[in-house]
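Analysis of the macromolecular model
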Amino acid sequence: MDVNNTLSGFNSMASTFAADVDQAFWINFWISIFLGLTVLIPMFYFAWKYRESNVKDEDIINYTHNTPLEITWTLIPTALMMVLFYYGYTSMKTLRTMPAASESIVVKVEGSKWKWKYEYPANKSGFVHKITSVYDKKIGDVKRGLYVPVGQKVILEMTSPLNDVIHAYYVPAFRMKEDVVPGRMTKQWFQADVIGEYEVECAEYCGTNHSYMYSKIVVMERADYDKWFESEAKSPFEDASAAQVSKGQSLYEDNGCAGCHSIDTDATLVGPSLKGIGAKYDAAYLKTAILNPDKDVPTGFFPGVMPPFALPDADVDELVKYMQTAK
Ligand SMILES: [Cu+2]
């Protein structure tokens, strides 16, 4: 994914309604140009023609009105505005009319500072895929994303936690964007028709790491998707059995710690590097750092940035163990 070229998505027509939205845009654009010029050109022409040095006082006539002219300049713009309305309304309707849930994959999306989480319906064996998608500054790419089969309707049910802020789920290649609001569910849908990887951006300014609040949608062959969906692998590109990540590492990734902390380099992301932190502090300090981050704030950082994580004790212990041992 090339994050330096965020407009690249506009070159592709990867969803069912991309063409619709583009058509509405271009009709809007050209009608606006036409109407703008029909006002501006006569305006400049008359300003020049009737300039002070060119008009004698005795030549000035006061017209009160001109009915045919007034009817013309009312009817033509009105008709053109109705054309704009028609294309705007019909494409809006396609975008905002959700397909039947029975023929769609319904994925729950949670946007929070600064990660995206996806939760799928249970698969045949009752396993629920929960994916955390964060941008990793070190590798310059998004780790994990939303996986969908090509040609499949997908409904996104989106929200944000109550203690968070507004985000927006924006997929340029699909021409779709909708706010993600704490305490409220918003929806959008799409059907991707071209296999590939598409960038997702947060389109609502949400604080320090807003510009890195990326995710991706990976559109794949039906068979590849099904194979992954019925497995317990974290993504279609990771092998469930070979992935011997510890419970701690898994929690570290799923809670989005990696989006704010580097654990294998000294790089400062949003928060301090956690490399070698086990040698610096004891377990009690690390535990408090997770549950009550504002208690001890290292110099150079601010309270209120790292959210408190209300995790079960066992999970906190695993995270602490992971931080103590990570190389
Ligand atoms: Cu955001």
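Residues numbered from 1 in each chain as written. Predicted model: local features only at pLDDT ≥ 70, side-chain atom pairs only at ≥ 80, totals over all residues.

1. Structural notes on the overall build of the chain
Note the threshold: Helix and strand definitions here come from DSSP, where helices need a minimum of 4 consecutive H or I residues and strands a minimum of 2 consecutive E residues; each element is numbered from the N-terminal end. Radius of gyration: over C-alpha atoms. The globule rule applied is 2.2 Å multiplied by the number of residues raised to the 0.38 power. Counting other C-beta atoms within 10 Å of a residue's own tells you its class, since 20 or more makes it buried, 12 or fewer makes it exposed, and anything in between is partly exposed; those C-beta atoms are placed from the backbone.
Within the chain, the regular secondary structure consists of eight helices and 11 strands. Taken over the C-alpha trace, the chain has a radius of gyration of 27 Å; the compact-globule value for 327 residues is 20 Å, which it surpasses by more than 25%. C-alpha atoms of the chain, sized along the principal axes, occupy 95 × 50 × 35 Å. Per-residue burial for the chain yields a buried fraction of 24% across its 327 residues.

2. A few points about unusual backbone geometry
The phi angle of most residues is negative, glycine excepted, and most peptide bonds adopt the trans form. Lys113 connects to Trp114 through a cis peptide bond whose omega is -10 degrees. Looking at where Trp114 falls in the secondary structure, it is placed in the loop between strand S1 (104–112) and strand S2 (115–119). For Arg144, which is not glycine, the phi dihedral falls at a positive 65 degrees. You can see Arg144 is positioned in the loop between strand S4 (141–143) and strand S5 (146–149). Residue Arg144 is classed as buried on the basis of its C-beta count, with 23 C-beta atoms lying within 10 Å. The phi dihedral of Arg175 falls on the positive side, at around 55 degrees, and the residue is not glycine. Checked against the element boundaries, Arg175 lands in the loop between strand S7 (167–171) and strand S8 (176–180).

3. Examining the environment of Leu291
Condition: The contact rule is simple: place each C-beta atom from the backbone, and if two of them lie within 7 Å, those residues are in contact.
Here Leu291 shows up in helix H7 (residues 283–291). Assessed through the 14 C-beta atoms surrounding it within 10 Å, Leu291 is described here as partly exposed. For the pair formed by Leu291 and Pro307, sequence separation is 16 residues and the distance between their alpha carbons is 8.7 Å. Excluding its chain neighbours within four sequence positions, the residues that come into contact with Leu291 are Pro308, Phe309 and Val316.

4. Regarding the domain arrangement of the chain
Quick note on the threshold: Per the annotation, domain bounds derive from an automatic or database assignment of domains.
Splitting the chain by domain gives domain 1 (9–96), domain 2 (101–229) and domain 3 (247–325). On a C-alpha basis, the centroid separation for the pair domain 1 and domain 3 is 57 Å.

5. Observations regarding the sheet that holds S2
For clarity, the cut-off: In this analysis, strands are considered paired if DSSP registers two or more bridges between them. Axis geometry follows a simple rule: fit a line to the C-alpha atoms, using only the stretch in contact for helices, then measure angles between N-to-C directions, giving values from 0 to 180 degrees.
Here we have six strands laid out as an open sheet, ordered S4-S3-S2-S1-S6-S9, and mixed in their pairing. Unpaired on one side and paired on the other, S4 and strand S9 (186–191) mark the two borders of the sheet. For this sheet, the mean angle separating the axes of adjacent strands, direction not counted, is 25 degrees. Examined bridge by bridge, S1 and strand S6 (residues 153–159) share seven bridges and lie parallel to one another. Bridging from a neighbouring strand, Ser104 pairs with Lys153 of S6.

6. Details of the nonpolar core
Worth spelling out the cut-off: One nonpolar core equals one set of buried Ala, Val, Leu, Ile, Met, Phe, Trp, Tyr and Cys residues connected by C-beta atoms within 7 Å.
Grouped together as the largest cluster of nonpolar side chains are 48 residues, with contacts concentrated most on Val148, Tyr169, Val171, Phe174, Val200 and Ile217. For this core, the domains that each give at least three residues are domain 2 (101–229) and domain 3 (247–325).

7. Examining the sheet that holds strand S11 (residues 214–220)
Pairing is mixed in the open sheet, where five strands are placed in the order S5-S11-S10-S7-S8. Looking at which strands have only one partner, the edges of the open sheet turn out to be S5 and S8. Across this sheet, the average inter-strand angle for adjacent strands is 20 degrees, counted without regard to direction. As paired elements, S7 and S8 share five bridges and run antiparallel to each other. Its bridge partner being in S8, Ala168 is matched across the sheet by Asp179.

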